[in-house]
Every structure is written in C-alpha cells, then in structure tokens.
Amino acid sequence: MIRSLSTGRPRRLLTALLLLLLAGLPPAQAQHLGRNKVVYDDFDFERIQTEHFDVYYYPPMTPAAQDAARMAERWYARLSQVFQHEFADRKPIILYADDTDFQQTNVIGGFIGEGTGGVTEGGRQRLIMPLTGAYDETDRILGHEMVHVFQYDLWKENPRAFRLGALPLWLIEGTAEYLSQGRTDPHTAMWMRDAVRNDDVPTTRQLTREQNRYFPYRYGQALMAYIGGNWGDQTLGILYRRAGYGGLETAFQAVLGLTGEELSASWAEALRSTYGPQMEARTPPSEVGQQVLSRETTGGRMNFSPAISPDGQYVAFFSERGLFSVDLYVANAKTGKIIRRLTKSGTSSHFDAVRFISSAGSWSPDGRRLAFVTFRKGNNQLAVLNARTGRIEQRYRVQRVSGLNNPA
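Enquirer: Please provide a residue-by-residue account of the environment of Gly-378, values included.
Expert: Mapped onto the fold, Gly-378 is located in the loop between β12 (369-376) and β13 (379-386). The exposure class assigned to Gly-378 is buried, which follows from its relative accessible area of 0%. On a C-alpha basis, the gap between Gly-378 and Thr-100 in space is 5.9 Å, while along the polypeptide they are 278 residues apart.

Structure follows, in structure tokens:
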C-alpha cells in the first residue's frame, strides 16, 4: 500500500513564477511551472503488479484499474515490436479515478490544465493519468503515454549520445498520436482538409520551426500515418532511434531513402489527392454563414463550446484571452460583440476554474440564466449564473460524483 503519493488536507504551494530555458529538457518536463496547486484529497494507493508494470490505484476504482493493467500489457506487446525494444524493469503507472483527482497529483510538479489527458515523467518514467469513464478513451490515452514511456526508455539507454531535446515535438507527439489512435482519425482529417483547402500543407522543416503555427499533434499524426502506411509501423521506431542519435535529416535518408524535402513533397501530394476531391463542388463556409467570433473580435486564441440562447440573441462561449485562464463570455449572436465576461477563473469565491473540455453551458428556457460546470475544492459542481447581472445564483454538488460535464 502506498500512502506517500499524495497528502491530505488542503494546502497551497506558493512558488515564484519562473522563466525557464526548456530547450534542453525532455518534452514532458516542460510543465506549466509557478502555478499554485491545491491538494484536497487523501488517496490511499494500492498496487497491481503485472509482468512489466506496477499499477497504482485507490478504491473504489479497483475493477477499472485491473482492466487498465490488462490494457497496459496489450500496449506493451504491440509497442515493443514497433520500437524493437524491451523494458529492463517494471514501469510505474499511477491512475486517478477522474480528471479532478488527477489535477491534484503531486507525483509531478507544476499545474496540470484541464486539457492534459495524461503525463509521462521522464526521470523515473512514471505514467500518470486519469480514467476517463469510457474504456475506449482510457485505452487511447494509455497507449499515447505508453509510447512516451518507450521513447524515454530508449533515450535512457545512452542519454549522452541520444539527443532527445533536439527532436521536434511533431515527431514525438505525432508518433504517440498515430500509434494510439491509428491511421483514420476524423479530428486530424479535419485539420488536413483545412490545410489542403488553404494550400498550406507544411514541410517537415516548417513543422519543426513553426510549431506554434502547425499544431504538432495533428500534423505530426498525419505525417506519421503517411510514413507508417508506406513503410510500415516498425519504421517509426527505427526512425525515432536514428533521429535521436544522428539527427532527423540523416534519419530520413537512412531509413526512408528520401530527403526531408522529398518526403514533404510526397506527403503533400498524398494529402491533396486524398482530400482535394472531397471538397469539389462544396459550398464555401463564407456563403452559408457569417463568422461572428474570431481571434480578431474576441482577442482570444481559442473560442469554443458556443451555446445559443433560446431567443437567438446571445451566444455564450468559452474563450482564452488571458495568460492562463479560460472564462465564460456572452456575446451578441449577430455581431459577435462581447457583452459581458461571466466568470473570472482564479479570482471567484464560488469556484477555482470552469470546466471547458468536452462541456458547454446550457441556457434556461427564458434565456435569463446559464448553467455550466465548475471546479471547486477537488470536485466538479454545477453553477447557475444570472446572465444579465453576472452573479452566481445557485451551486450544486452531486454527492459521490466528482466529474460532471454538459448540463442540460
């Protein structure tokens, strides 16, 4: 039984905001540092030992943890063939019952945002993740993080010679996304169709240098799917190893027989031939609707989960406009003009943060109130807000249920 992974009693760790040079660090160490983390619960961990893993969990998640342990061994059987690599010792897997518990973990430092599905810590190669409530999604996230465990283990064979910090994020995360999700993914396909439509398919050099412009997960997955489909999945393991020791361009030529430019051109042509015919004779978005919310109108890099009021006059949506927070806003549904910011995450006495991944607000029939999910003292709560005054009128917590989403 392990009791030291997390402590009881709420506590706040006050740290200074640090500016770190992360270029030489492995990707999983580049966490959001300097944020306050509150630990509310005492997790009484137990352990399941399998051939290759020590799986830590706490009651009452025992049946799901046992299934996750079997999933882990299935992933090991597949990925050990892809990477042509075996573990020398068992690796730790630390499971949490849901994302609200996971965000309290002190197994790793730094603040864990809602969009983080799991983390692999490179030093001790610990895989930390929550169960999702859906086995398919849990299996996918476990597979993604398991790829990182293999990547770290290969690096630790010879950390002085293997230049993990020099590998591009699209190679590392793209490999994990492809091997965990497969070749056909509707989300990535949407991104690739958009790239073809705008004649903006990047080269491998652009993916490496402009990762803020080309999202490494989606573009990396698409390129890894192309390589795996043409050269076989085991090529990805060989490519990763060769890139770590000799650089990416050398790996392309040695493993694929192509330069980076030749690979980029071949991949771009494959995307155009796949998605180009799908968009023929389709009506452009600008002819069927008017863009109301955008980065230019809201100032936020992300605007998502819109909910239209019953009378059609207003739209509630989440937006990221500050450095760290995502908040709920109401705008005019016809002009996009923001009328009010409804929440202030981190400064409200009613909640610590809003839940915005896989969840949206819901209007009352008269359009006066808005229900949405918040994070409060280690659990999700349902908040009912007066959309005209911006005041929280009611809060509900469902006993013994710590995770909520999509109220109606």
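Enquirer: A description of unusual backbone geometry should follow, citing residues and the corresponding values.
Expert: Residue Pro-60 follows Pro-59 across a cis peptide bond; omega there is 5 degrees. Examined against the element boundaries, Pro-60 turns out to sit in the loop between β2 (53-57) and α1 (62-82). Here the phi dihedral of Gln-84 falls at roughly 50 degrees; this positive angle occurs in a residue that is not glycine. Tracing the backbone through its elements, the reader meets Gln-84 in the loop between α1 and β3 (91-96). Despite not being glycine, Asn-406 shows a phi value in the positive range, around 50 degrees. Considering the arrangement of structural elements, one finds Asn-406 in the segment after β14 (392-396).

Enquirer: With reference to specific residues and values, describe helix α3 (residues 135-157).
Expert: Note: α-helices contain 3.6 residues per turn, so residues at a spacing of three or four share the same orientation. With 23 residues, α3 should reach 33 Å at 1.5 Å per residue; the first-to-last C-alpha distance of 33 Å fits that figure. Among the 23 residues in α3, 17 count as buried, and that is most of the element.

Enquirer: Now, about the nonpolar core: what can you tell me, with residues and values included?
Expert: Core analysis: the largest hydrophobic core is formed by 79 residues, its most contacted members being Met-146 and Trp-267. Excluding residues that lie within four positions of it along the chain, Trp-267 makes contacts with Met-192, Val-201, Pro-202, Leu-207, Tyr-219, Ala-222, Leu-223 and Tyr-226. With 16 residues, the next largest nonpolar core counts Ala-307, Val-326, Val-354 and Leu-385 among its residues.

Enquirer: Any details on the pairing of β14? Residues and values, ideally.
Expert: For β13 and β14, the ladder comprises four bridges, and the chain directions are antiparallel. The partner of Leu-382 across the bridge, within β14, is Tyr-396. Counting the residues between successive antiparallel strands, the hairpin from β13 to β14 contains five residues, one of them, Gly-390, with a positive phi of roughly 75 degrees.

Enquirer: Let's hear about the packing of aromatic side chains: which residues, and what values?
Expert: If you walk through the whole model with that rule in mind, you get 24 aromatic pairs. Their ring planes at 90 degrees and their centres at 6.2 Å tell us that Phe-53 and Phe-87 sit as a pair that is edge-to-face. Note that Phe-53 is positioned in strand β2 and Phe-87 in the loop between α1 and β3, a separation of 34 residues in sequence. Ring centres of Tyr-76 and Phe-150 lie 5.6 Å apart, and the angle between their planes is 35 degrees; this geometry places the pair in the tilted category. Within this pair, whereas Tyr-76 is found in helix α1, its partner Phe-150 is found in helix α3, the two being separated by 74 residues in sequence.

Enquirer: Just give me the short version of the sheet that holds β3, but keep the residues and values in it.
Expert: Read across the open sheet, the five strands follow the order β1-β2-β3-β5-β4; overall the sheet is mixed. Pairing within the sheet leaves two strands with one partner each, and these edge strands are β1 (46-49) and β4 (119-121). Averaged over all pairs of adjacent strands, the angle between their axes in this sheet comes to 20 degrees, without regard to strand direction. Note that β3 and strand β5 (residues 126-130) share four bridges and pair parallel. Across the sheet, residue Ile-94 finds its bridge partner in β5, namely Ile-128.

Enquirer: Run through the pattern of salt bridges, naming residues and quoting values.
Expert: Within this structure, the stated rule accounts for 17 salt bridges. Across the pair Glu-157 and Arg-241 runs a salt bridge, and its minimum N-O distance is 3.6 Å. In this pair, Glu-157 is assigned in helix α3 and Arg-241 in helix α8 (residues 234-246), connecting sequence segments 84 residues apart. Between Asp-200 and Arg-213 there is a salt bridge whose closest N-O contact spans 3.2 Å. With a gap of 13 residues between them, Asp-200 in the loop between α5 (186-197) and α6 (204-209) and Arg-213 in the loop between α6 and α7 (216-231) connect regions that are remote in the sequence. Classification of Asp-200 by relative accessible area gives partly exposed; the value is 23%. Among the residues examined, Arg-213 registers a relative accessible area of 48% and is labelled partly exposed. Connected through salt bridges with shared partners, the residues Glu-137, Arg-140, Glu-177 and Arg-218 form a single ionic network.

Enquirer: Requested: an account of the packing of α5 against helix α10 (residues 260-275), with residues and values cited.
Expert: Orientation of α5 relative to α10, taken along the N-to-C sense of each, is 100 degrees, at an axis distance of 10 Å. What the angle tells us is that α5 and α10 run roughly perpendicular. Of the residues in α10, those in contact with Ala-189, Met-192, Arg-193 and Val-196 of α5 are Trp-267, Leu-271, Arg-272 and Tyr-275. Of the residues belonging to the contact of α5 with α10, the class tally is six nonpolar, no polar and two charged.

Enquirer: Break down the confidence of the model for the protein for me, with residues and values.
Expert: Summing up the model confidence of the protein, the mean pLDDT is 85 and the portion of residues at 70 or higher is 88%. Averaged pLDDT values over the elements of the protein bottom out at 72 in strand β10 (residues 353-354) and peak at 98 in β2. When the criterion is pLDDT under 50, residues 1-35 qualifies, and its contacts beyond four places in sequence or with other chains add up to 68 contacts.

About the criteria used
Going along each chain's sequence as written, the residues are numbered from 1 onward. The predicted origin of the model limits local features to residues at a pLDDT of at least 70 and limits the giving and counting of side-chain atom pairs to 80 or more, whereas totals for whole chains, interfaces and linings rest on all residues. Remark: hydrogens and water are excluded; side-chain values derive from all non-hydrogen atoms of the structure. To qualify as a helix, a DSSP run of H or I must reach at least 4 residues; to qualify as a strand, a run of E must reach at least 2; elements of each kind are numbered from the N terminus. Here's how the labels work: a residue is buried when its accessible area is under 20% of the maximum for its type, exposed when over 50%, partly exposed in between, all with a 1.4 Å probe on protein chains only. Helices are assigned an expected span. That span is 1.5 Å times one less than the residue count. As used here, the term nonpolar core means buried Ala, Val, Leu, Ile, Met, Phe, Trp, Tyr and Cys residues forming a set that is joined through side-chain atoms within 4.5 Å. The contact definition used throughout considers only heavy atoms, calling two residues in contact when any of these lie within 4.5 Å. In this description, strands pair whenever DSSP reports at least two bridges between them. Any pair of Phe, Tyr and Trp rings, taking the six-membered ring for Trp, is counted once the centres come within 6.5 Å. Such a pair is stacked with planes under 30 degrees apart, edge-to-face with planes over 60 apart, and tilted for the rest. In this analysis, axes come from line fits to C-alpha atoms, helices being fitted only over the stretch in contact, and the angle between any two N-to-C directions falls in the range 0 to 180 degrees. The salt bridge criterion pairs a side-chain nitrogen of Lys or Arg with a carboxyl oxygen of Asp or Glu, the two atoms within 4 Å. Here roughly perpendicular refers to angles of 65 to 115 degrees, roughly parallel to angles under 35, roughly antiparallel to angles over 145, and oblique to all remaining angles. Polar here means any residue other than Ala, Val, Leu, Ile, Met, Phe, Trp, Tyr, Cys and Pro, which are nonpolar, and Asp, Glu, Lys and Arg, which are charged; Gly is therefore polar. Per-residue confidence from the predictor is given as pLDDT, running between 0 and 100.

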